[in-house]
Amino acid sequence: MEAEEIMHLECLKLSVERRIKLLDDNYVEFKLNGSFLKNAGIMGLLRMLECNESEAIIGTDYIIEDRTIKVSKDYILKKNLGYLYVKSLVQYYGQNTKFMNLYNKKGMVDSYMLKDEITDDEMKIIADSINEMGDMLLKNSFVSGYEIIDKYTDATTLNVNRIKEMKKEKDVSEKYKIYCEIYELLEQKEVQDILIIKDLMYTKLNMFYDSISFFQPSNLKSDIVECYNKEFVIPLRDEIENTKEGKKRCIECRRTTNSVKAISFINQTDDVNRKKSHYWNQKADALACPYCSFLYSLVPLGFCFTGANAVFININTDVERMKEMMNKYLLKDDGERVSEKSKIYRVFTSEAADMVEKGVANIQVVVKMKEHSDYDIKVISKDIVEGFRIAQTNAIGKNQNRDTDKKGILTMLEKINVKTDNGYINVYDMAMECILNRRSLYYIFDSMYMLALKNGSRVKYLKNVLDLQYIFRGGKNRMSDLKEMSDKAYNCGIYARTRLTDTKIADKDNALRGVVYRLENSLTIGDVDQYLDAIIRIYSSKGMPIPGIFKEMMESEENFNAIGRGYILGLMYEKYDPSEKNEERKQEEKIYE
């Protein structure tokens, strides 16, 4: 290589190094790591930068590189981050607040009031809707919000006495007139934002922290933006502008810093500013730098709310992938009436095929429950994600490697609620609990089957429970075999249902109850000999040949469980249409092979 080329390469190398140095000097770097709280804060930061009011330009004001997001120091120093914090909360979570739910009822109230004749029931709906709005607007948190509106904005605030008048008014026409007057004030954007934040403070934000500045009694009537900036943004800016090397060390990122803040505000541990206990050896060190404190303040923005709970998917390998997954929760929030677990985990079931294709490894699902101070953490391993893919594409047994438009197995269980002595239980919730904790789903089958025998309820959904058992507990090599054996035994049960009972008996379930109890009991205690003895007696009593599938029960415990439960499920077959008889005849010759 000639000298000129060497010099040119050296110049290029120096140029690149200078650019990197310039980038490091002009940007603050936040990197994903093992801490789900810090990663949730990074997700919250990204949402703040992408909110409608941010005006942040990707590539200039912030840069995303694999596990890292870099934010321009100039952007941090010049932008009102407290204002963006409030605007982001309103944008992402405002529409799901109780305040907005009641606010949006105005159209319904108007439609009733415009009718020529209003029934007594409709009058009651109108009065109840208006009173419900009045109750909310008279809450102490909202009343303090009116003072913030009056003091810190140009908007016209609400009058508490006028709200009380609205509630007391008995005449519906007058009540509606005051309601419209108050509603007009609520239409002001500044009023809406402040009241939404007041709602969020005591329904969502307090799940993560309740000791930061704007929660303190002395600041309840203070500007939330100002409080946030004072506690988190000003220390961050001071740290950026400070040229002196700090002497304090951050417990999270380990960088030296000039100021620190106790992290107890986010993880709800002891306040180390007041408790210097032996736990800390009298020297509390659970202190974070302004960068980490700022990230922790954004943790609620990083979670997605699914009803009463909040969920965060901790993907610490790629910021864009984490963003993609979390945004699916925002898109899935369609108000559908399904269980909390379904809202949390349905993203995995619906997106499993895409996740498998992209080679997704273990994923941590973090759930913050409204009534609990701790976090529920589950690890969704790659094999479970693969199981979700199979379950949702019905790619098991004869359907293997074939996607269908049919609803996935888990999706079909979402709305199955079974009545028990203590209320209703959701089958999807029970199934997910077993799958995530790697427990057998036969427990669900046995308990729900016996409950159906007692109550006379439907059991066809248990076919899906059995399929889930083979997918998640059968193993990759045996999954299809177990499914096919179980299906064959199921068809045997369907066929035997009409042959083992008198054709004149309408209630075949009651006629078969004793038989089914004996077989189910044998399965529960794992006694294959007892099960086969019952089968021999049953078929011999009717002079019927015993299906060949039962021979395979002796080969393994897995076979016994799959065939045994498939058969008794077929005995409780529910369809009673003529086309079913044709299907039975089609199966007749097959099942005795």
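Bear in mind that the values here come from a model prediction, so they are computed numbers and not experimental data.

> Help me get a handle on the overall build of the protein, residues and values and all.
Each helix and strand counted, the protein has 27 helices and 13 strands in total. The burial tally for the protein puts 50% of its 593 residues in the buried class. Within the protein, contacts between residues separated by at least 24 positions form 68% of all contacts whose residues are at least 6 apart in sequence. A total accessible area of about 30000 Å² is found for the protein, and carbon and sulfur atoms account for 48% of it.

> Break down the state of the cysteines for me, with residues and values.
Enumeration according to the criterion identifies zero disulfides in this entry. In this model C292 remains outside any disulfide bridge; the closest cysteine sulfur is found in C289, 3.7 Å from its own. According to the relative accessible area criterion, C292 is buried, its value standing at 2%.

> Could you give an account of the packing of helix α2 (residues 36-50) against helix α4 (residues 81-93), with specific residues and numbers?
With their axes 9 Å apart at the nearest point, α2 and α4 run at an angle of 95° to one another. With respect to their mutual orientation, α2 and α4 come out roughly perpendicular. Facing R47, M48 and E50 of α2, the residues of α4 in contact are L81, L84, Y85, S88, Y92 and Y93. A class-by-class count of the residues in the contact of α2 with α4 yields six nonpolar, one polar and two charged.

> Outline unusual backbone geometry, supporting the account with residue identities and numerical values.
Its identity as a non-glycine residue notwithstanding, E55 has a phi of 60°, on the positive side. For R254, which is not a glycine, the phi torsion comes out positive at approximately 70°.

> I'd like a rundown of the pairing of strand β13 (residues 423-426), residues and numbers included.
As paired elements, strand β12 (residues 417-420) and β13 share four bridges and run antiparallel to each other. The residue bridging N417 from the neighbouring strand is N426, located in β13. The hairpin turn running from β12 into β13, its antiparallel successor, is two residues long.

> Just give me the short version of the sheet that holds strand β9 (residues 309-314), but keep the residues and values in it.
The pairing of strands in a sheet happens through backbone hydrogen bonds and is either parallel or antiparallel. The antiparallel open sheet is built from four strands, whose spatial order is β8-β9-β10-β11. Strands with a single pairing partner mark the edges of an open sheet, and in this sheet they are β8 (304-306) and β11 (375-380). Neighbouring strand axes in the sheet, compared pairwise and without regard to direction, differ in orientation by 30° on average. In this structure, strand β10 (residues 363-368) lies alongside β11, joined through six bridges in antiparallel fashion. Pairing of V367 across the sheet is with D376, part of β11.

> Please give an account of the pairing of strand β2 (residues 62-65) that cites residues and values.
Pairing geometry for β2 and strand β3 (residues 68-72), over four bridges, is antiparallel. What sits directly across from E65, in β3, is T68. Between the end of β2 and the start of β3, which pair antiparallel, lie two residues, with D66 showing a positive phi angle near 50°.

> For the packing of aromatic side chains, give the residues involved together with the corresponding values.
Any aromatic ring pair is given by two values, namely how distant the centres are and how the planes are angled relative to each other. Counted according to the given criterion, the structure contains 23 aromatic pairs. The interplanar angle of 45° and the centroid separation of 6.3 Å between the aromatic rings of Y179 and Y183 together place this pair among those described as tilted. A residue pair is termed a helical-turn pair when its members lie 3 or 4 positions apart in one helix, as Y179 and Y183 do in helix α10 (residues 172-186) at four residues. The exposure class assigned to Y183 is buried, which follows from its relative accessible area of 11%. When the centroid spacing of 5.8 Å and the interplanar angle of 85° are considered together, the rings of Y202 and F215 count as edge-to-face. One end of the pair, Y202, is in helix α11 (residues 189-203); the other, F215, is in the loop between α11 and α12 (224-241), with 13 residues separating them in the sequence. The class for Y202 is partly exposed, based on a relative accessible area of 35%. Ring-pair connections join several aromatic residues into one group, and the members of that group are Y85, Y202, Y209, F214, F215, Y228, F232 and F265. Here K463 stacks its cationic end above the ring of Y490, 5.2 Å away from the centre of that ring.

How each quantity is defined
Residues numbered from 1 in each chain as written. Predicted model: local features only at pLDDT ≥ 70, side-chain atom pairs only at ≥ 80, totals over all residues. Heavy atoms only, no water. Helix = DSSP H or I, 4+ residues; strand = E, 2+ residues; numbered from the N terminus. Buried < 20%, exposed > 50% of the residue type's maximum accessible area, 1.4 Å probe, protein only. Contact = heavy atoms within 4.5 Å. Areas by Shrake-Rupley, 256 points an atom, 1.4 Å probe, with all protein chains shown as cover. Disulfide = S-S within 2.5 Å. Axes fitted to C-alpha atoms, helices over the stretch in contact; angles between N-to-C directions. Parallel < 35°, antiparallel > 145°, perpendicular 65-115°, else oblique. Nonpolar A, V, L, I, M, F, W, Y, C, P; charged D, E, K, R; others polar. Pairing = 2+ DSSP bridges. Phe/Tyr/Trp six-rings, centres within 6.5 Å; stacked < 30°, edge-to-face > 60°. Lys NZ or Arg CZ within 6 Å of the ring centre and 35° of its normal.

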